[in-house]
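# Architecture at a glance
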Amino acid sequence: MARPVASARGVVKRFGEGAPPALDGVDLVVETGRMTGLVGPDGAGKTTLMRMLAGLVDPDAGEIRIEGCTPDEMDRSRIGYMPQRFGLYEDLSVSENLNLYADLRGLAENEREERFAMLLRFTDLARFQQRLAGNLSGGMKQKLGLACALVREPALLLLDEPSVGVDPVSRRELWAMVRELVGEGMGVLWSTAYLDEAEKCDSVYLLNEGGLLYDGPPGDLTGPLEGRVFRIALPEKSRRSTLRRALDDEAVADGTVHGDAVRLLMRKGGDVATVAKPSGADDAKPVPARPRFEDAFVDLLGGGPGGSSDLADAYRDIPPDDTPAIAADGLTKRFGDFTAAHDIRFTVGQGQVFGLLGPNGAGKSTTFKMLCGLLTPTEGSGAVAGYDLRHARAEVRQSLGYMAQKFSLYGDLSVRQNLDFFAGAYGLGGRRAREAIGQAIETFHLQRYLGQNAGGLPLGFKQRLALACAVLHQPPVIFLDEPTSGVDPIVRREFWTHINGLVERGVSVLVTTHFMEEAEYCDRIALIYRSEQIATGTPDELKAMAGDGDATMEDAFIALIEASDARREAA
Amino acid sequence: MKAASSLRRLRAMMVKETRQILRDPSAFLIAFVLPMTLLFLMGFGVNLDASKTRTGLSLQDDGAAAQSLAGAYAGSRYFDIRAVGSVRQLRERMVAGDIRAIIVIPPDFSRDTARGGGTIQVITDGSVPNMAAFIAAYSEGVRATWEASRAADAGRQPTPPIALSARFWFNPELASRNFLVPGSIAVVMTMIGSLLTALVVAREWERGTMEAIMATPVRMGELLVSKVLPYLALGLGSMALCAVVAVTVFGVPFRGSVGALIVISTIYLYPALCLGLFISAAFKNQFVASQVALLTAFLPTMLLSGWIFEISSMPAWLQGLTYAVPARYLIPQLLTVFLAGDDWLLFLPNMAVLFGFGSLLLFLCIRATRRRIA
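Because the structure is predicted, anything quoted here is derived from the model rather than measured. (Residues numbered from 1 in each chain as written. Chains lettered and ligands numbered in written order. Predicted model: local features only at pLDDT ≥ 70, side-chain atom pairs only at ≥ 80, totals over all residues. Heavy atoms only, no water.)

### Focus on the packing of aromatic side chains
We apply this condition: Under the pairing criterion, centres of Phe, Tyr and Trp rings, with the six-membered ring standing for Trp, must be within 6.5 Å; the plane angle then separates stacked pairs below 30 degrees from edge-to-face pairs above 60, leaving the rest tilted. Here's how the labels work: a residue is buried when its accessible area is under 20% of the maximum for its type, exposed when over 50%, partly exposed in between, all with a 1.4 Å probe on protein chains only. The secondary structure listing takes helices from DSSP runs of H or I that are at least 4 residues long and strands from runs of E that are at least 2 residues long, numbered from the N terminus. In our convention, an over-ring charge means Lys NZ or Arg CZ found within 6 Å of a ring centre and within 35 degrees of that ring's normal.
Summed over the entire model, instances satisfying the criterion amount to 18 aromatic pairs over all chains. Here the aromatic rings of phenylalanine 421 of chain A and phenylalanine 422 of chain A are separated by 5.2 Å at their centres, their planes lie at 80°, and the arrangement is edge-to-face. On the basis of relative accessible area, phenylalanine 422 of chain A is assigned to the buried category, the value being 15%. Each ring, one from phenylalanine 109 of chain B and one from tryptophan 146 of chain B, has its centre 6.0 Å from the other, and the planes form 35°; the classification is tilted. In this pair, phenylalanine 109 of chain B sits in helix α5 (residues 109-114) while tryptophan 146 of chain B sits in helix α6 (residues 129-153), placing the two residues 37 residues apart along the sequence. The two residues phenylalanine 109 of chain B and tryptophan 146 of chain B agree in class, both being buried. One aromatic cluster in this structure is built from Phe368, Tyr402 and Phe479 of chain A. If you follow lysine 284 of chain B out to its NZ or CZ, it ends over the ring of tryptophan 205 of chain B, 4.4 Å from the centre. Looking at arginine 328 of chain B, its charged tip hangs above the ring of tyrosine 323 of chain B, at a distance of 4.1 Å from the centre.

Here is the structure:
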């Protein structure tokens with residue numbers, strides 16, 4: 001029978017005077033035998049709530065109960081807590097980490113052998129007991145972190161974003177393991193920024209900006225959207241313009257490019273038949289699609305942004321050209337014995353979006369840096385906007401706009417100073433710089449933040465500013481490195497509205513991501529895994545490679561990775 | 001049962017800490033490489049004793065007395081007369097850095113001396129104040145010796161009837177190495193106690209391991225002790241290495257007892273370790289913690305402990321400040337145990353002060369270390 005093991009009632013937390021509350025009157029109950037999800041974008045308050053339940057942060061108001069006790073009275077050996085970076089000592093081995101946590105949680109010596117054997121089998125780490133935790137892969141670290149949290153069977157298991165940056169295979173394995181624990185009667189709280197994980201939970205708490213948007217089974221949230229979600233398959237050329245027009249339509253609440261189709265969420269009472277179709281595609285039929293948690297989230301927030309981009313409207317037209325905008329021809333990078341990227345080859349035609357998809361550490365960023373001229377390839381060659389990477393690096397850099405991971409703004413400079421700096425760095429001066437900056441401020445609504453330091457901006461504005469800085473000089477090619485990690489879906493849609501608009505102007509885009517939803521925006525994708533390019537094609541071609549007609553991007557990714565591992569083992 | 005599990009947690013944490021020390025190259029660097037570098041630098045490289053000073057002589061009188069005094073300077077072991085000429089010429093040489101001082105024997109010197117007077121002028125380079133002071137003193141010494149010997153030649157009593165004869169005890173050769181080398185042990189222990197400890201705790205905050213540890217049943221007191229004891233041992237080990245090298249390689253005398261040295265060092269490490277823990281508990285970031293540790297522990301130990309710069313020659317307000325520097329109470333103990341011997345009358349009051357510092361810092365530390373993240 002389900003039994004509550006932890007609860008929060010009306011908890012409020014504020015960091016600093018006058019700051020908006022990190023948590024604002026949140027209620028939550030974790031029960032045994034159910035997978036409870038704590039879902040929301042970065043900065044929603046998930047980690048703060050997790051830490052409160054672990055007794056590491058005191059609420060300003062409201063109360064926390066763990067098995068009926070306050071955090072000060074509770075028996076800490078009854079809680080298993082895995083913080084975001086797993087809490088492992090990287091210079092200790094797998095078994096030393098396990099022993100440390102076993103001692104700290106008071107696991108008796110005579111129970112140890114059996115428990116360790118079980119955990120090592122469960123996490124498949126038995127072969128690596130002597131390896132230092134720092135030398136494990138991301139997925140293995142995650143499993144060891146879980147094992148340390150489980151070393152003495154807890155009543156409550158708290159997992160703070162356990163799946164961030166880990167490859168989908170490890171992610172799925174971890175999910176299956178935790179599912180098993182739930183079945184044994186443990187109370188589990190799993191926090192995540194991936195909305196697709198929310199769909200698999202038994203019960204979900206959806207947080208946004210410190211407030212609770214929804215709690216209950218995820219199906220109750222997506223159910224009412226049944227019949228409002230459609231896919232319209234369209235040829236590549238007309239997808240973006242159709243989406244733009246659809247999003248400007250009152251009847252449409254939200255929409256995305258989804259592989260070879262446009263996916264639309266209609267407003268209540270909106271008729272999909274009225275959505276304008278591109279000329280020559282009048283016979284394209286809207287097909288009903290299954291509503292997803294992300295649709296429900298956007299709907300709760302009142303729908304996504306419009307489809308037109310002020311940025312794209314003010315952008316120059318890139319003259320059409322037959323030479324590929326980006327070409328990678330057998331790019332290879334070795335650091336000593338280690339091959340970070342091996343024989344990467346693809347071309348991106350003008351006005352296309354090309355994605356590099358893969359888990360952290362697979363070689364995406366290395367490929368990216370070679371194409372930016374920041375790393376010299378060990379072998380192979382490449383070109384950007386027709387300029388050779390080996391001989392014309394300065395021209396390469398001048399013709400691309402680069403938005404780095406985590407936005408790489410100067411946190412201690414104001415918004416205005418950041419814009420001035422990047423204008424100068426891209427060689428804009430005088431009137432051209434003033435115009436470009438004025439335009440950026442207007443397009444991205446930065447006026448009220450101009451004097452504020454970039455480091456203190458809300459995440460969504462940081463991302464806007466980073467995009468603004470990257471395109472000040474109106475480059476023909478844009479490189480985006482993990483551009484929308486952790487931001488909420490509205491901000492992500494707004495971002496892609498700008499990118500789609502620029503692509504219509506003839507801009508070419510290279511994007512890295514480990515985010516499956518984002519991969520759907522790409523015209524073509526290269527899958528990078530363990531430094532190798534294991535598959536290349538349109539999103540739908542990759543899904544077809546996975547075999548199943550209804551496969552998601554993640555299914556495709558996992559199937560392709562497993563096939564690659566099988567080949568590797570056979571070799 | 002409770003005590004047993006507490007002991008087990010403590011043991012586990014200390015084993016973990018020790019393994020990390022053994023595997024972490026930066027711990028080895030700070031505990032062994034840095035002390036040896038410092039010791040060899042202080043033992044071989046730095047010398048605070050004045051040797052022969054390059055000097056210019058402007059002899060403007062050709063009388064016998066003037067010639068004789070010039071001869072005395074030329075023959076002195078403290079001066080190396082490099083140039084002779086007018087003050088104007090010598091001034092250029094001083095600007096160029098060829099010479100450090102100018103001795104001027106004025107035109108009427110011989111006549112005035114015959115009347116029982118006679119003055120000379122010594123011009124020194126004030127931009128090197130330490131050396132200027134040395135030179136002024138030495139040149140006065142040469143002149144006084146010259147005058148005394150002239151008086152003796154003439155069969156008269158030397159003018160100052162009381163002769164001053166200095167004897168330096170405990171460091172008869174006045175070798176600066178003999179106090180620089182033992183004193184550097186204070187710097188080494190400060191680095192390990194405060195800087196290294198601050199870094200390792202801040203690193204646990206940065207890597208998120210502190211968060212995971214604090215969510216276990218471990219008590220905050222156990223956490224503190226598990227950080228203090230391994231680094232106390234490391235500090236003592238490094239001290240022992242320094243002491244052995246000081247005596248064997250640099251020939252620094254060791255007149256006290258090993259026991260006293262260990263007690264002195266242990267009591268000094270108490271405030272040093274607590275300061276390191278307090279810094280990291282307050283800042284939780286390796287970069288900031290290292291800056292604060294350098295500023296509050298390392299620099300005062302270098303500059304305000306009386307090790308290199310004598311406290312009695314500092315301005316009064318700065319002298320007041322030195323009372324707040326723990327190393328000020330360690331340096332006299334270290335010098336005594338090396339150069340003089342065990343003197344518990346000197347040790348005990350200094351130890352009492354250090355113990356007081358340690359207890360105050362421990363109190364602050366316990367207050368700052370809460371099982372909370374924000």
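The discussion continues.
### Digging into the nonpolar core
We apply this condition: We call a set of buried Ala, Val, Leu, Ile, Met, Phe, Trp, Tyr and Cys residues a nonpolar core when their side-chain atoms join them within 4.5 Å. By definition, residues are in contact when any of their heavy atoms lie within 4.5 Å.
Counting residues in hydrophobic clusters, the biggest one holds 166 residues, and the most contacted among them are Leu146 of chain A together with Phe338 of chain B. At 17 residues, helix α7 (residues 177-207) of chain B tops the list of elements feeding residues into this core. Apart from residues no more than four positions distant in its own chain, phenylalanine 338 of chain B is found in contact with Pro182, Ile185, Ala243, Ala246, Val247, Val252, Pro253, Phe254, Arg255 and Leu261 of chain B. Counting 76 residues, the second-largest nonpolar core is a separate cluster that includes Ala251, Tyr315, Ala433 and Ile499 of chain A.

### Focus on unusual backbone geometry
Residue and element names in this part refer to chain A. In this structure, glutamate 67 takes a positive phi of about 45° despite not being glycine. The exposure class of glutamate 67 is partly exposed, given its relative accessible area of 31%. Residues other than glycine seldom take positive phi values, yet glutamate 161 does so here, at roughly 45°. One can find glutamate 161 in the loop between β6 (156-159) and α5 (168-183). With a relative accessible area of 9%, glutamate 161 lands in the buried category.

### Remarks on the layout of surface pockets
Residues and elements named next belong to chain A. Filter applied, for reference: Only protein atoms enter the 1 Å grid used here. Points where a 1.4 Å probe fits but cannot escape make up a cavity, open sets with protein on both sides within 12 Å along at least five of seven lines make up a pocket, and a residue lines them when an atom lies within 4 Å of a point. Grid points are joined across faces, edges and corners, and a volume is the space filled by probe spheres set on the points. Side-chain classes follow a simple rule in which Ala, Val, Leu, Ile, Met, Phe, Trp, Tyr, Cys and Pro form the nonpolar group, Asp, Glu, Lys and Arg form the charged group, and the remainder, Gly included, forms the polar group.
Approximately 1400 Å³ is the volume found for the second largest pocket. If you go around the second largest pocket, you meet 50 residues; those closest to its centre are Gln84, Arg85, Val164, Asn360 and Lys406. Split by residue class, the lining of the second largest pocket holds 20 nonpolar, 16 polar and 14 charged.

### A closer look at the sheet that holds strand β4 (residues 121-124) of chain B
Within a sheet, each strand pairs with its neighbour through backbone hydrogen bonds, oriented either parallel or antiparallel. Residues and elements named next belong to chain B. The cut-off we apply is this: In this analysis, strands are considered paired if DSSP registers two or more bridges between them. A fitted line through C-alpha atoms serves as each axis, taken over the contacting stretch for helices, and the angle formed by two N-to-C directions is quoted from 0 to 180°.
One open sheet holds the four strands; their spatial order is β2-β1-β3-β4, and the pairing between them is mixed. The strands lining the two open edges of the sheet, one partner per strand, are β2 (79-84) and β4. Each neighbouring strand pair of the sheet contributes to a mean axis angle of 30°, computed without reference to strand direction. Here helix α4 (residues 87-96) sits on the sheet and contacts β1 (53-59), β2, β3 (101-105) and β4; the angle it forms with β3, its principal contact strand, is near 170°.

### What about helix α15 (residues 459-470) of chain A?
Residue and element names in this part refer to chain A. To keep it simple, the criterion reads: An expected span of 1.5 Å times one less than the residue number is assigned to each helix.
For α15, built from 12 residues, the straight-helix expectation of 16 Å at 1.5 Å per residue is met to within 8% by its first-to-last C-alpha distance of 17 Å. Of the residues making up α15, those classed as buried are Gly460, Phe461, Gln463, Arg464, Leu465, Ala466, Leu467, Ala468, Cys469 and Ala470. Residues of α15 that are buried in the fold lie against α10 (310-314), β19 (400-403), α13 (415-425), α14 (430-443) and α16 (489-504).

### Some thoughts on the packing of helix α9 (residues 220-248) of chain B against helix α10 (residues 258-283) of chain B
Residue and element names in this part refer to chain B. We apply this condition: Should an angle fall under 35 degrees it is taken as roughly parallel, and over 145 as roughly antiparallel, whereas 65 to 115 is taken as roughly perpendicular and any remaining angle as oblique. Left-handed describes a crossing in which the near helix is turned anticlockwise from the far one by less than a right angle; the clockwise case is right-handed.
Running from N to C, α9 and α10 cross one another at 135°; their axes reach a closest spacing of 9 Å. In terms of their interaxial angle, α9 and α10 are classed as oblique. When the axes of α9 and α10 are compared, the crossing they make is right-handed. In this structure, α9 contributes Leu224, Lys227, Val228, Tyr231, Leu232, Gly235, Leu236, Met239 and Ala243 to the contact, and α10 contributes Leu261, Ile262, Ser265, Thr266, Leu269, Leu273 and Leu277. The residue makeup of the contact of α9 with α10, split by class, is 12 nonpolar, three polar and one charged.

### Concerning the sheet that holds strand β1 (residues 4-13) of chain A
All names here are of chain A. The sheet built from three strands is open, its strands ordered β2-β1-β4 with antiparallel pairing. Strands at the two margins of the open sheet, each flanked by one partner only, are β2 (23-31) and β4 (61-66). Across the sheet, the mean angle from the axis of one strand to that of its neighbour is 10°, orientation sign disregarded. Two strands pair when backbone bridges link them, and β1 and β2 are joined in this way by seven bridges, in the antiparallel orientation. Within β2, the residue paired with valine 11 across the bridge is valine 26. Lying over the sheet, helix α1 (residues 46-53) contacts β1, β2 and β4, oriented at roughly 125° with respect to β1.

### Brief notes about a nonpolar patch on the surface
Residue and element names in this part refer to chain B. Our working rule: A patch consists of residues exposed above 30% relative accessible area that lack any salt bridge, with like charges linked at up to 9 Å and nonpolar side chains (Val, Leu, Ile, Met, Phe, Trp, Tyr) linked at up to 5 Å. Areas reported here follow the Shrake-Rupley algorithm with a probe of radius 1.4 Å; residue values treat only the protein chains shown as occluding. Any carboxyl oxygen of Asp or Glu within 4 Å of a side-chain nitrogen of Lys or Arg constitutes a salt bridge here.
A cluster of nonpolar side chains, Leu295, Leu299, Leu303 and Phe309, forms an exposed patch at the surface whose accessible area comes to about 370 Å². Position of leucine 303 relative to the elements: it lies in helix α11 (residues 286-303). Its relative accessible area of 39% is what places leucine 303 among the partly exposed residues.

### A look at the environment of arginine 88 of chain B
Among the structural elements, arginine 88 of chain B can be located in helix α4. In this structure, the C-alpha to C-alpha distance between arginine 88 of chain B and alanine 27 of chain B, residues 61 residues apart in sequence, is 57 Å.

### Observations concerning the pairing of strand β11 (residues 252-258) of chain A
Residues and elements named next belong to chain A. Within β11, seven of the seven residues are buried, which leaves it mostly tucked inside the rest of the structure. Note that β11 and strand β12 (residues 261-266) share six bridges and pair antiparallel. The residue of β12 that forms the bridge with threonine 256 is arginine 263. Between the antiparallel neighbours β11 and β12 lie two residues, among them glycine 259 with a positive phi of about 60°.

### Points about the state of the cysteines
All names here are of chain A. Quick reminder of the rule: When the sulfur atoms of two cysteines come within 2.5 Å, that pair is taken as a disulfide.
All chains considered together, the criterion is met by zero disulfides over all chains. We note that cysteine 469 lacks a disulfide partner, and the nearest cysteine sulfur, in cysteine 372, lies 16 Å from it. Of all cysteine sulfurs in the structure, the one in cysteine 372 sits closest to cysteine 522, which takes part in no disulfide; the separation is 16 Å.

### Looking at helix α13 (residues 327-340) of chain B
All names here are of chain B. Given a rise of 1.5 Å per residue, 14 residues ought to cover 20 Å, and the 19 Å separating the end C-alpha atoms of α13 matches this to within 8%. α13 sits mainly inside the fold: 11 of its 14 residues count as buried. Every buried residue of α13 is accounted for by Ala327, Arg328, Tyr329, Leu330, Ile331, Gln333, Leu334, Thr336, Val337, Phe338 and Leu339. Taken together, the buried residues of α13 touch α7, α9, α10, α11, α12 (316-322) and α14 (344-368).

### Structural notes on the UniProt feature "transmembrane region" (unreviewed entry) in chain B
Residue and element names in this part refer to chain B. Counted only if it meets this: UniProt positions are given in the numbering used here, feature names are shortened, and annotations may be inferred rather than shown by experiment.
Under the local residue numbering, the UniProt record ascribes the feature "transmembrane region" (unreviewed entry) to residues 21-44, 179-202, 228-252, 258-280, 292-309 and 344-366. Between the end C-alpha atoms of residues 179-202 there is a gap of 34 Å, over a span that is 100% helix and 0% strand. Note that residues 228-252 is 84% helix and 0% strand, and that its end C-alpha atoms are spaced 31 Å apart.

### Re the confidence of the model for chain B
All names here are of chain B. Let me state the cut-off plainly: For every residue, the predictor assigns a confidence score, pLDDT, that lies between 0 and 100.
Averaged over all residues, the pLDDT of chain B is 85; the fraction at 70 or higher stands at 91%. Taken as a whole, residues 160-168 scores under 50 in pLDDT and shows one contact with residues more than four places along the chain or in a different chain. The ipTM assigned to the predicted complex is 0.79, against a pTM of 0.80.

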